[in-house]
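Descriptive analysis of the structure
Given next are the chains, with one letter for each unit.
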Amino acid sequence: MIGNIIAYIRFIHTSTDVMLSGKHGEPLWAKIGLVLLVFFLVGYLGVAIAGKPDYLMAGILFFGAVFVSLALVLMYYLVDSLKDRSMEITETLIGVIEARDSNLNGHSRNVQELSMCLYRHLPASLKDKISPVSFEYAALLHDVGKLGVPESILNKPGKLNPEEWNVMKQHPKIAMDLLKSLPLFDEIRDWILYHHERIDGKGYYGLPGKDIPIQARIIAICDTYSAITMRRSYKDMKTHEEAKNIIKEIAGSQLDADLVAIFLTIPKEELQACKPQTIDFAN
Ligand SMILES: [Fe+2]
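Residues numbered from 1 in each chain as written. Predicted model: local features only at pLDDT ≥ 70, side-chain atom pairs only at ≥ 80, totals over all residues. Heavy atoms only, no water.

**Some details on the overall build of the protein**
- Secondary structure assignment for the protein yields 14 helices and 0 strands.
- For the protein, the sequential pattern of α-helices and β-strands runs α-α-α-α-α-α-α-α-α-α-α-α-α-α.
- Across the 283 residues of the protein, 46% fall into the buried class.
- Long-range pairs, those at least 24 residues apart, make up 67% of the contacts in the protein between residues at least 6 apart in sequence.
- Within the structure as shown, the protein displays about 14,500 Å² of accessible surface, and the carbon and sulfur contribution to it stands at 62%. (Helix = DSSP H or I, 4+ residues; strand = E, 2+ residues; numbered from the N terminus. Buried < 20%, exposed > 50% of the residue type's maximum accessible area, 1.4 Å probe, protein only. Contact = heavy atoms within 4.5 Å. Areas by Shrake-Rupley, 256 points an atom, 1.4 Å probe, with all protein chains shown as cover.)

**Quick word on the coordination of the iron ion**
- Around the iron ion, the protein supplies Asp143 (OD), His171 (NE2), His195 (NE2) and His196 (NE2) as donor atoms, at distances of 2.2 to 2.3 Å.
- One way to put it: the 4 donor atoms around the iron ion meet at angles of 85 to 174°, and that makes the site irregular.
- Every donor residue of the iron ion comes from the same chain, spaced as D-x27-H-x23-H-H. With a gap of 24 residues between them, His171 in helix H9 (residues 171-180) and His195 in the loop between helix H10 (189-193) and helix H11 (214-229) connect regions that are remote in the sequence. (Donors = N, O, S within 2.8 Å, 3.2 Å for Na, K, Ca; no water. Tetrahedral: all angles 85-135°; square planar, octahedral: opposite > 155°, others 65-115°.)

**Observations regarding the confidence of the model for the protein**
- With 86% of its residues at a pLDDT of 70 or more, the protein has an overall mean of 83.
- Here helix H1 (residues 2-13) is the element of the protein with the lowest mean pLDDT, 61, and helix H13 (residues 257-263) is the one with the highest, 97. (pLDDT = per-residue confidence, 0-100.)

**Side note on helix H12 (residues 240-250)**
- Among all positions of H12, only His240, Ala243, Ile247 and Ile250 are buried. In an axial view of H12, the angular spread of the buried residues amounts to 95°, which keeps them on one side of the axis.
- Considering only its buried residues, H12 is in contact with H11, H13 and helix H14 (268-272).
- The positive-phi residue at the C-terminal boundary of H12 is Gly252, with phi of around 95°. (Arc of directions from axis to C-beta.)

**Looking at the pattern of salt bridges**
- Across all of its chains, the model carries 11 salt bridges by this definition.
- Glu164 is the salt-bridge partner of Lys156, the closest N and O atoms lying 2.7 Å from each other.
- For Glu164, a relative accessible area of 17% corresponds to the buried category.
- A salt bridge links Lys210 to Asp256, with the nearest nitrogen and oxygen atoms 3.3 Å apart. Highlighted residues: Lys210 in the loop between H10 and H11 and Asp256 in the loop between H12 and H13, separated in sequence by 46 residues.
- Exposure remark for Asp256: the relative accessible area of 4% places this residue in the buried category. (Salt bridge = Lys/Arg side-chain N within 4 Å of Asp/Glu carboxyl O.)

**Description of a nonpolar patch on the surface**
- A contiguous nonpolar patch, built from Ile32, Leu36 and Phe39 and spanning about 300 Å² of accessible area, is present on the exposed surface.
- Looking at the secondary structure, you find Phe39 in helix H2 (residues 28-48).
- The exposed category is assigned to Phe39, whose relative accessible area is 55%. (Patch = residues over 30% accessible without salt bridge, like charges linked within 9 Å, V, L, I, M, F, W, Y side chains within 5 Å.)

**Quick word on the packing of H11 against H12**
- Running from N to C, H11 and H12 cross one another at 140°; their axes reach a closest spacing of 9 Å. By the angle between their directions, the pair H11 and H12 is classed as oblique. Considering only the axes of H11 and H12, their crossing is right-handed. Contacts between H11 and H12 involve Ile221, Thr224, Tyr225, Ile228 and Thr229 on the former and, on the latter, His240, Ala243, Ile246, Ile247 and Ile250.
- Tallied by class, residues from the contact of H11 with H12 come to 7 nonpolar, 3 polar and no charged. (Axes fitted to C-alpha atoms, helices over the stretch in contact; angles between N-to-C directions. Parallel < 35°, antiparallel > 145°, perpendicular 65-115°, else oblique. Left-handed = near helix turned anticlockwise from the far one by under 90°. Nonpolar A, V, L, I, M, F, W, Y, C, P; charged D, E, K, R; others polar.)

**Side note on the nonpolar core**
- Grouped together as the largest cluster of nonpolar side chains are 43 residues, with contacts concentrated most on Leu118, Leu122, Phe135, Leu141, Ile188, Ile218 and Phe263.
- Mapped onto this core, the elements with two or more residues apiece are helix H3 (55-98), helix H4 (107-121), helix H6 (132-141), H9, H10, H11, H12 and H13.
- Among the elements that make up this core, the one with the highest residue count is H11 (8 residues).
- The contacts of Leu122, once residues within four sequence positions are left out, are Lys127, Ile130, Ile218, Leu259 and Ile262.
- With 8 residues, the next largest nonpolar core counts Leu37, Phe40, Leu61 and Val68 among its residues. (Core = buried A, V, L, I, M, F, W, Y, C linked by side-chain atoms within 4.5 Å.)

**Re the state of the cysteines**
- Summed over the entire model, instances satisfying the criterion amount to 0 disulfides.
- Residue Cys222 stays outside any disulfide, its sulfur separated by 7.9 Å from that of Cys117, the closest cysteine.
- Classification of Cys222 as buried rests on a relative accessible area of 0%.
- Cysteine Cys274 is unpaired, with the sulfur of Cys117 as its nearest cysteine sulfur at 4.5 Å. (Disulfide = S-S within 2.5 Å.)

**Observations regarding the environment of Tyr137**
- Its location among the elements puts Tyr137 in helix H6.
- A C-alpha to C-alpha distance of 9.7 Å links Tyr137 and Ile192, two positions 55 residues apart in sequence.

Have a look at this one:
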């Protein structure tokens, strides 16, 4: 039972993500479950150590605690499995959306994997600020707004003209509008909206430095690395070393210098393991 209680407490600790709470905070039932569990346990201990123990009452409270902890742990595994399935469905949907764009094919999955890789390398003080499940959805969905950008612009072989750029720059806002109808994603919308912000305040919405959510700053680094190392219709791909040099150059102006410093400590093999198998990326 101790193991169940630990698993349940871990569940409550990790339940503040898009799949369970959104802007509504931790689900009420999680707290009710914990209160019930504590009630049964305290009741059992109280009766068990009393001068004249009531064995029937102690038994009822003990098995009540066992039942509640088993029910909660079962719920934990069901929710965990639901989260896995939901992520798989979202990945498939993104794959279908990206398949229409030769410049984007595999990019979102790559940014998702790179972002989670960088997340794992963050110090505990920064990790604590990020809910990994919500963050993974944001990284995967960061370019979902390109669904609203015409294919003629997405697949244009050359550079975009100013007018086309203005349309392309709408994609974070389009993503916001797409996700607006899903309260589940309330928490992550800003991280997606601001993934093209720059530390010097010269990004799409002019948000400077630490005003940009840390999740968006991480996605921006991984988005940049992925775009540089990926072949696109208007440019050839660059190597890992070339990408590192470019990222170093724009750290502090475009990208968050502290996060870039952490990104650059990640071994090349780890970053390359984030590439989707089917896509043509540089070494
Ligand atoms: Fe983007």
